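# Per-entry structural report
These are the residues of each chain, in order.
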Amino acid sequence: MSAPGEGAARFGDTELPREQHDALRRATRLQWIGIAYLLSCVVVVFVVMGSSQAMKVAWVEDLLSLVPPLVFLASLRSIRRPPSPERPYGHHRAIGSAHLASAVALFGMGAFMVFDSGSGLLKAEHPPIGTYQLLGQTVWAGWVMIAAMVYTGFGPVILGHLKKPLAETLHDKVLWADADMNAADWRTAAAAILGILGIGVGWWWADSVAALIIAASIVKDGVTGIKNALRDLMDGEARTHDDERTHPLVGAILTAARGPAWVADAAVRVRDQGHLFHVEVFVVPTATVAVADLEALAARISELDWKLHDVVVAPVSRLPDAVRSTPASG
């Protein structure tokens, strides 16, 4: 594990290694850049959206895209506060709460837009797209809308791909969800463009269908985010930053716990508190074990990774139920 540098950032009482310190600084800078860019997208789309349902939903999605970076930045203030007798586990759950808040916002607004877009389709609404006078020429407003969608589509993709490795380095699920949404933003732009072109060729339903597709993707992001955030807040077993599988550190901890000769068997319980893990190791000793041996094992496990900030080793006569005693399959 790389040593932290002077002035390194902290998550609670855990000082970040240099790699994570630098990643946090880059992520914070990218979030501010992303907020400024998204605000410009919100203004551009609002100015040109007219009565297009697809443009309206795309505008709402741009607004919602501001939520993850804002809650990421807000949660950093809480996460940096050290533990106290009133908050013995620190304030690391702030990142999980932020994850849940942004997911609920996505789901709620997405569900409303599905209803709104579906109503327009059932009512067979025919959204008109007018014209602009530009440099003395009459220009179909659809081309202006398409240009706006191209502008709002390429930036988030770049931001998303820049954020993803930082989210992995920091084990930050809010940053990952934000990056994942950004990287897929081109689909929103593409759907809106197809809806606008559909209106241009006389397919009145194309606009509402495109709006439904965009709204459905917002709902999907919200449902996925709520499920993953609740798993962590309800003390599910620690998983990777993308929630795809059990975190490899769980297996590494179990292997380390069974390393000493005085350990007959061991099991672990690891929960994700945000960026950091709380680890409980249960060991069945072969004979009476000294406190120094327990402390040495806890220290050895803590050194496996910077995320293991709170490791407790407890000697037991038998392993408790519902704890990890075998390597995870995924």
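That block above? That's the structure.
Residues numbered from 1 in each chain as written. Predicted model: local features only at pLDDT ≥ 70, side-chain atom pairs only at ≥ 80, totals over all residues. Heavy atoms only, no water.

## As for the overall build of the protein
Looking only at helices and strands, the protein has 10 helices and seven strands in total. The C-alpha extent of the protein, read off along each of the three principal axes, is 90 × 45 × 30 Å. In the protein, which comprises 330 residues, the share counted as buried stands at 50%. In the protein, the proportion of contacts linking residues at least 24 apart, taken out of those at least 6 apart, comes to 69%. As presented, the protein carries roughly 15600 Å² of accessible surface, and 62% of it is formed by carbon and sulfur atoms. Here the protein carries 28 positive and 32 negative side-chain charges, and the mean point of each set is 1 Å from the other. (Helix = DSSP H or I, 4+ residues; strand = E, 2+ residues; numbered from the N terminus. Buried < 20%, exposed > 50% of the residue type's maximum accessible area, 1.4 Å probe, protein only. Contact = heavy atoms within 4.5 Å. Areas by Shrake-Rupley, 256 points an atom, 1.4 Å probe, with all protein chains shown as cover. Lys, Arg positive; Asp, Glu negative; His and termini not counted. Charge placed at Lys NZ, Arg CZ, Asp CG, Glu CD.)

## So, the nonpolar core
One broad rule of soluble globular proteins: the nonpolar side chains tend to lie buried together. Counting 29 residues, the largest nonpolar core has M55, V57, I129, M149, I196, I214 and I218 as the members making the most contacts within it. Residue assignment for this core shows that the elements contributing at least two residues are α1 (18-48), α2 (53-64), α4 (93-122), α5 (141-170), α7 (185-200) and α8 (205-233). Setting aside residues no more than four positions away along its own chain, V57 makes contact with M113, S117, A211, I214, A215 and I218. Counting 28 residues, the second-largest nonpolar core is a separate cluster that includes L24, Y37, I95 and L170. (Core = buried A, V, L, I, M, F, W, Y, C linked by side-chain atoms within 4.5 Å.)

## Points about the packing of aromatic side chains
For any two aromatic rings, the description comes down to two numbers: the centre-to-centre distance and the angle of the planes. All chains considered together, the criterion is met by five aromatic pairs. Ring centres of Y37 and Y151 lie 5.3 Å apart, and the angle between their planes is 55°; this geometry places the pair in the tilted category. Taken together, the residues Y37 in helix α1 and Y151 in helix α5 connect sequence positions 114 residues apart. Note on Y151: relative accessible area 31%, which makes it partly exposed. Ring geometry for Y37 against F154: centres 6.4 Å apart, planes inclined by 65°, an arrangement best described as edge-to-face. Of the two residues, Y37 sits in helix α1 while F154 sits in helix α5, which places them 117 residues apart along the sequence. On the basis of relative accessible area, Y37 is assigned to the buried category, the value being 14%. Taken together, the ring pairs connect Y37, Y151 and F154 into an aromatic cluster. (Phe/Tyr/Trp six-rings, centres within 6.5 Å; stacked < 30°, edge-to-face > 60°.)

## Considerations on the pattern of salt bridges
Inspection of the entire model under this criterion finds 15 salt bridges. The shortest N-O distance in the salt bridge between K164 and D180 comes to 3.4 Å. Of the two residues, K164 is situated in helix α5 and D180 in helix α6 (residues 173-183); the sequence distance between them amounts to 16 residues. On the basis of relative accessibility, which here comes to 38%, the residue D180 falls in the partly exposed class. (Salt bridge = Lys/Arg side-chain N within 4 Å of Asp/Glu carboxyl O.)

## What to know about the sheet that holds strand β5 (residues 263-272)
Read from one edge of the open sheet, three strands run β5-β6-β7, paired in mixed fashion. With one partner strand each, in any of the chains shown, β5 and β7 (308-315) form the two edges of the open sheet. Neighbour to neighbour, the strand axes of the sheet diverge by 20° on average, direction disregarded. Summarising the sheet, β5 and strand β6 (residues 277-285) pair through nine bridges and their orientation is antiparallel. Bridge pairing in β6 places R269 opposite E280. Along the sheet, helix α9 (residues 248-257) makes contact with β5, β6 and β7, crossing β5 at roughly 155°. (Pairing = 2+ DSSP bridges. Axes fitted to C-alpha atoms, helices over the stretch in contact; angles between N-to-C directions.)

## Brief notes about helix α10 (residues 291-302)
Each α-helix winds once per 3.6 residues, and so residues spaced three or four apart point in a common direction. Look at α10: 17 Å from first C-alpha to last across 12 residues, which is about the 16 Å you get at 1.5 Å a residue. For α10, every residue scored as buried is listed here: L294, L297, A298 and I301. Looking straight down α10, one finds that the buried residues subtend no more than 100° of arc, so they occupy a single side. As for α10, its buried residues are in contact with α9, β6 and β7. (Expected span 1.5 Å × (residues − 1). Arc of directions from axis to C-beta.)

## Section: the side chain of H91
Position of H91 among the secondary structure elements: in the loop between α3 (67-79) and α4. With sequence-adjacent residues up to four places away left out, H91 is seen in contact with S78, I79, R81 and P82.

## So, α6
Most of α6 sits out of view: nine of its 11 residues are buried. Turning to α6, its buried residues are K173, V174, L175, W176, D178, A179, M181, N182 and A183. Between a side-chain oxygen at the N-terminus of α6 and the backbone nitrogen of V174 the separation is 3.1 Å; the capping residue is D172. (Polar contact = N/O pair within 3.5 Å; in protein donor to acceptor, adjacent residues only side chain to side chain.)

## Notes on a nonpolar patch on the surface
Among the surface-exposed residues, V150, Y151, F154, I158 and L162 lie close enough to one another that they form a single nonpolar patch of about 460 Å² accessible area. Here F154 falls in the partly exposed class, since its relative accessible area comes to 44%. (Patch = residues over 30% accessible without salt bridge, like charges linked within 9 Å, V, L, I, M, F, W, Y side chains within 5 Å.)

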